[in-house]
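Coordinate inspection notes
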Amino acid sequence: SGRRVLVVDADFRRPGLGQAFGVDANQSGFGDLLAGTAEMSKVATRITDTIDFISAGSSDSRVFERLSTSAVDSFLAQATAAYD
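Residues numbered from 1 in each chain as written. Predicted model: local features only at pLDDT ≥ 70, side-chain atom pairs only at ≥ 80, totals over all residues. Heavy atoms only, no water.

A short note on helix α4 (residues 70-82)
With 13 residues, α4 ought to run about 18 Å at 1.5 Å a step, and its terminal C-alpha atoms sit 19 Å apart, in line with that. Among the residues of α4, Val 72, Phe 75 and Ala 79 are the ones counted as buried. Along the axis of α4, the buried positions cluster into a sector of 60 degrees, meaning they face one direction only. Projecting away from the buried face of α4 at angles above 90 degrees are the exposed residues Ser 70, Asp 73, Thr 80 and Ala 81. Considering only its buried residues, α4 is in contact with β1 (5-8), α2 (30-35), α3 (40-43) and β3 (51-54). (Helix = DSSP H or I, 4+ residues; strand = E, 2+ residues; numbered from the N terminus. Expected span 1.5 Å × (residues − 1). Buried < 20%, exposed > 50% of the residue type's maximum accessible area, 1.4 Å probe, protein only. Arc of directions from axis to C-beta. Contact = heavy atoms within 4.5 Å.)

Quick look at the structure:
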C-alpha cells in the first residue's frame, strides 16, 4: 500500500526479530536509542522500500528498566512523525 512501516524488536531478554529479518541482533538498536547513545536514523535498517527495522540493540544496552522511561515516549513521537 506504500505506507512506511517501522518494526522494532523491544524484547530485551530474548531478541529474535533480527534473525527473522536477517539483521545482526547485537547491532545498535532500540536499547541504544533509549540509552541515548544512538540515533534512529543510524540504527534503522531498510528491509524493503516501505519497511525499516530496529533491532533490540547491543547486549549492554538492553536494560529492561529503560522501557518505562520518557525516552520511550520520545522515540514513539519521533517514529510516529517518520512512519505511517
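Digging into the packing of aromatic side chains
For any pair of aromatic rings, the description consists of the separation of the ring centres together with the inter-plane angle of the planes. Under the definition given, this model contains 3 aromatic pairs. For the pair Phe 12 and Phe 30, a centre-to-centre distance of 6.1 Å together with 55 degrees between the ring planes defines the contact as tilted. Here Phe 12, found in the loop between β1 and α1 (17-21), pairs with Phe 30, found in helix α2; they are 18 residues apart in sequence, far enough to count as distant. Assigned by exposure class, Phe 12 and Phe 30 land together as buried. Seen in terms of ring centroids, Phe 21 and Phe 53 are 4.9 Å apart; in terms of plane orientation they differ by 40 degrees. Their pairing is tilted. Pair noted here: Phe 21 is in helix α1 and Phe 53 is in strand β3, with a separation of 32 residues, a long-range link. Phe 53 sits in the buried class, given a relative accessible area of 0%. Within the aromatic cluster, the residues linked to one another by ring pairs are Phe 12, Phe 30 and Phe 75. Over the ring of Phe 64 we find Arg 13; its NZ or CZ atom is 4.5 Å from the centre of that ring. (Phe/Tyr/Trp six-rings, centres within 6.5 Å; stacked < 30°, edge-to-face > 60°. Lys NZ or Arg CZ within 6 Å of the ring centre and 35° of its normal.)

Quick notes on the environment of Ser 55
Along the polypeptide, Ser 55 turns up in the loop between β3 and α4. For Ser 55, a relative accessible area of 1% translates into the label buried. The sequence separation of Ser 55 and Lys 42 amounts to 13 residues, and the corresponding C-alpha distance is 12 Å. Excluding anything up to four places from it in sequence, Ser 55 contacts Asp 9, Asp 24, Ala 25, Gln 27, Ser 28, Gly 29 and Phe 30.

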